[in-house]
Amino acid sequence: MKTPPQEPPRNPLQRRDILKTLGLGAAGAAAAAVLPAGGEAQAMESPQEQVKTRYRETEHVKRFYALNRL
């Protein structure tokens, strides 16, 4: 008696990989559509504000550093 030819086993991951890739591609396309078309970024601060000192080591900052030493 002759046995019927056996089909190669189906790999279910291939179908999932294709669907996953399509889903990621669609999400990437949607994200790209939401992003604004880039131009040159403009600074919101004046030149005087850009050079002013920002960090001050006040008493509460010194206490924070003293309490968080390793």
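Residues numbered from 1 in each chain as written. Predicted model: local features only at pLDDT ≥ 70, side-chain atom pairs only at ≥ 80, totals over all residues. Heavy atoms only, no water.

1. Comments concerning the overall build of the protein
Inference 1: Across its full length, the protein carries three helices and zero strands.
Inference 2: Here the protein holds 70 residues, and the buried ones make up 1% of them.
Inference 3: Just so you have it, the protein exposes about 7600 Å², and 60% of that area is on carbon and sulfur atoms. (Helix = DSSP H or I, 4+ residues; strand = E, 2+ residues; numbered from the N terminus. Buried < 20%, exposed > 50% of the residue type's maximum accessible area, 1.4 Å probe, protein only. Areas by Shrake-Rupley, 256 points an atom, 1.4 Å probe, with all protein chains shown as cover.)

2. Side note on a nonpolar patch on the surface
Inference 1: On the surface, Ile18, Leu19 and Leu22 cluster together to form a nonpolar patch covering roughly 330 Å² of accessible area.
Inference 2: Structurally, the position occupied by Leu19 is in helix H1 (residues 12-34). (Patch = residues over 30% accessible without salt bridge, like charges linked within 9 Å, V, L, I, M, F, W, Y side chains within 5 Å. Salt bridge = Lys/Arg side-chain N within 4 Å of Asp/Glu carboxyl O.)

3. Some thoughts on the pattern of salt bridges
Inference 1: Here the structure, examined in full by the defined rule, presents two salt bridges.
Inference 2: With its nearest N and O atoms 3.0 Å apart, the salt bridge here joins Glu45 to Arg54.
Inference 3: We note a salt bridge from Lys62 to Glu59, for which the minimum N-O separation is 3.8 Å. Residue Lys62 and its partner Glu59 are both found in helix H3 (residues 59-67); the two are separated by three residues, about one turn of the helix.

Just geometry here; none of it tells us what the structure is for.
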